[in-house]
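This is what each chain is made of:
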Amino acid sequence: MRFITAGESHGPALTAIVEGVPAGVSVSERHINADLRRRQMGYGRGARQCIESDEVSITSGVRFGVTLGSPVTLVVRNRDAQNWADRMAPFGKPPASLKRETRPRPGHADLVGVLKVGGEDCRDVIERASARSTAALVAAAGIAREFLAAVGVNVFSYVTSIGSVSLDEDEPLLSAPDYKPLDIEVSDLRCPSLETTEAMKARIDEARAAGESLGGAFRVVATGLLPGLGGYATPSDRLSARIGGALFGIPSVKGVEFGLGFAAAGLPGSQVHDAITLERGRGFGRATNRAGGLEGGMTTGLPLVVTCAVKPIPTLMSPLDTIDLDTLESVEASCERSDVCAVPSAAVVAEAQMAFCLAEAYLSKFGRDDMASIRGAIAAYRRRLGTMSK
Ligand SMILES: Cc1cc2nc3c(=O)[nH]c(=O)nc-3n(C[C@H](O)[C@H](O)[C@H](O)COP(=O)(O)O)c2cc1C
Ligand SMILES: C=C(O[C@@H]1CC(C(=O)O)=C[C@@H](OP(=O)(O)O)[C@H]1O)C(=O)O
């Protein structure tokens, strides 16, 4: 299952095409719209989210709520486009009132994008470098999530830190994090502790008042996985490589850890690896899940637990210095409407990226044509695993 997205941040719409979708997957617009809403939320988001109210339109590949096996096209409209019609016109001349962006923001794609593609207006880069594109990604992943739900897999996320405020957790890796989904969803920051949520909100208020921005960390978890998804034979077969690459594809994600992650480097082997167990009738298991659900590039069957670090938002209301591309003088970087913190949104985008990787891993192991055949192949695999652990 692959996807491509297109669309500028302030153009008329974002479009995604998902191909390689099996026939027979039930799809609900309501589920996709709920994910789009979750992506928009979060304390610290800017004024743009008051304008947008993302909803998906599906224009191909689904009939009467079920996929046909043909490419699925999804469209999310940009409501803000009406305020940018003259500045984003596909044809004609730029309006006389157009102000070019010549003061690139450190930390954003502005400067390096213009060095790469040329031009005199960072706006040409900003429009696509903007994380607005992640709305299309989340919509597209709605199809992958529906497929995963049909095979018993759930993907969720929660925020573990904002700036220096961290969630206090009891060994989240030893058992799967089993927070109540509602506790995560009712938090303004996708943090399962209300007390920590309040402390995080206060930190965001401080940052906003100081003209600052914040990053943080989140965890993305998948449950219900079969063992043996992914592969060990080539680097690109390894699910760790695919998931890592996909998560690093999210703007502002600067670190990805599987299970214990970097902490494993400082511990002896006996405190890192997960002892193998066997429960008659239930099969192989593990005493712990320090690997975070992946060994040798394949799922172990335990929850997949991945932690991501997110850097602070580049646009600062108290801007850093930059160089004006017209005058080549030192000036303050441009400071436009912006989020102060978008870690909860990035977490929902990470769910989407992980869902695509897992859906593709299931399809490459169990076939791609239709859900009935895929269910049959999964049942046969489960029988084989049962025989091996008798
Ligand atoms: C959901 C989301 C919202 C974001 N909102 C903003 C924003 O309002 N202003 C901003 O300067 N950067 C924002 N960013 C971060 C930039 O998109 C990102 O830093 C930039 O594209 C450069 O990519 P890099 O951080 O991977 O180097 C956001 C990122 C995400 C994931
Ligand atoms: C629009 C979204 O995020 C945007 C991501 C973004 C950036 O620079 O990455 C900059 C801001 O856009 P604008 O300049 O229009 O306010 C964010 O609002 C969204 O997530 O829906």
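Residues numbered from 1 in each chain as written. Chains lettered and ligands numbered in written order. Predicted model: local features only at pLDDT ≥ 70, side-chain atom pairs only at ≥ 80, totals over all residues.

Peer 1: Which residues make up the overall build of the chain, and what values do they have?
Peer 2: Regarding its fold elements, the chain presents 10 helices and 17 strands. Relative to a compact globule of 390 residues, whose C-alpha radius of gyration would be 21 Å, the chain shows 22 Å and is just as compact. With the principal axes as the frame, the chain shows a C-alpha extent of 75 × 50 × 40 Å. Counting all 390 residues of the chain, 39% fall into the buried class. Taking all contacts inside the chain whose residues are at least 6 apart in sequence as the whole, residues at least 24 apart take part in 72%. (Helix = DSSP H or I, 4+ residues; strand = E, 2+ residues; numbered from the N terminus. Rg over C-alpha atoms; globule rule 2.2 N^0.38 Å. Buried ≥ 20, exposed ≤ 12 C-beta atoms within 10 Å, placed from the backbone. Contact = placed C-beta atoms within 7 Å.)

Peer 1: Run through the sheet that holds strand 8 (residues 165–166), naming residues and quoting values.
Peer 2: Note on sheets: strands pair through backbone hydrogen bonds, and any given pair is parallel or antiparallel. In spatial order, the strands read 8-7-9-15-10; together these five strands make up an open sheet with antiparallel pairing. With partners counted over all chains shown, the strands left at the sheet margins are strand 8 and strand 10 (253–258), one partner each. Here seven bridges tie strand 9 (residues 216–223) to strand 15 (residues 304–310), and the two strands are oriented antiparallel to one another. Within the sheet, the bridge partner assigned to A217 lies in strand 15 and is A309. (Pairing = 2+ DSSP bridges.)

Peer 1: Provide a residue-level description of the site of ligand 1, including the pertinent values.
Peer 2: In the vicinity of ligand 1 there are 21 residues, among which A131, P251, T315, D339 and A342 approach most closely. Tallying contributions element by element places helix 9 (residues 343–366) first for the shell around ligand 1, with three residues. Residues that form the shell around ligand 1 fall into these classes: 10 nonpolar, nine polar and two charged. (Near = placed C-beta within 6 Å. Nonpolar A, V, L, I, M, F, W, Y, C, P; charged D, E, K, R; others polar.)

Peer 1: Quick one: what's the story with the sheet that holds strand 2 (residues 13–19), residue by residue and with numbers?
Peer 2: Overall, antiparallel pairing links the four strands, which are arranged 1-2-6-3 in an open sheet. Across the chains shown, the open sheet's two edge strands, defined by having one partner strand only, are strand 1 (2–6) and strand 3 (56–60). For this sheet, the mean angle separating the axes of adjacent strands, direction not counted, is 20°. Both strand 2 and strand 6 (residues 72–77) contribute to a ladder of six bridges, which runs antiparallel. (Axes fitted to C-alpha atoms, helices over the stretch in contact; angles between N-to-C directions.)

Peer 1: Go over helix 5 (residues 134–150) with me, naming the residues and quoting the values.
Peer 2: Every α-helical turn comprises 3.6 residues, leaving residues that sit three or four positions apart pointing alike. The end-to-end C-alpha separation of helix 5 is 24 Å, in line with the 24 Å expected for 17 residues at 1.5 Å each. At G142, helix 5 shows its largest kink, close to 30°. Most of helix 5 sits inside the fold, with 15 of its 17 residues counted as buried. G152 lies just past helix 5 and shows a positive phi near 85°. (Expected span 1.5 Å × (residues − 1). Bend = angle between axes of the 7 residues up to and from the residue.)

Peer 1: I'd like a rundown of the site of ligand 2, residues and numbers included.
Peer 2: Around ligand 2, 14 residues are found, and the nearest of them are R48, S130, A131, R132 and R337. Grouping the constituent residues of the shell around ligand 2 by class yields three nonpolar, five polar and six charged.

Peer 1: Quick one: what's the story with helix 10 (residues 371–388), residue by residue and with numbers?
Peer 2: The end-to-end C-alpha distance of helix 10 is 26 Å, a good match for the 26 Å that 18 residues give at a rise of 1.5 Å each. Of all 18 residues in helix 10, one are buried; the element is thus mostly exposed.

Peer 1: Any details on unusual backbone geometry? Residues and values, ideally.
Peer 2: The phi dihedral of S252 falls on the positive side, at around 85°, and the residue is not glycine. Along the chain, S252 falls in the loop between helix 8 (239–248) and strand 10. With a phi angle near 60°, L328 is a residue other than glycine that sits in the positive phi range. Residue position: L328 is located in the loop between strand 16 (321–323) and strand 17 (330–332).

Peer 1: Quick rundown of the UniProt feature "binding site: FMN" (unreviewed entry) in the chain? Include the residues and the values.
Peer 2: The sites that UniProt annotates as "binding site: FMN" (unreviewed entry) are R128, A129, S130, G296, K311, P312, I313, P314, T315 and R337. Judged by maximum C-alpha separation, these annotated positions cover 210 residues in sequence and are scattered in space, the widest gap reaching 44.6 Å. Along the polypeptide, I313 turns up in the loop between strand 15 and strand 16. Assessed through the 24 C-beta atoms surrounding it within 10 Å, I313 is described here as buried. Excluding residues that lie within four positions of it along the chain, I313 makes contacts with S213, S338, D339, V340, C341 and A342. Looking at the element boundaries, T315 is found in the loop between strand 15 and strand 16. Sequence-distant contacts of T315, that is, excluding residues within four places in its chain, are made with R105, H108, C335, E336 and S338. (UniProt positions renumbered as here; feature names shortened; annotations may be inferred.)

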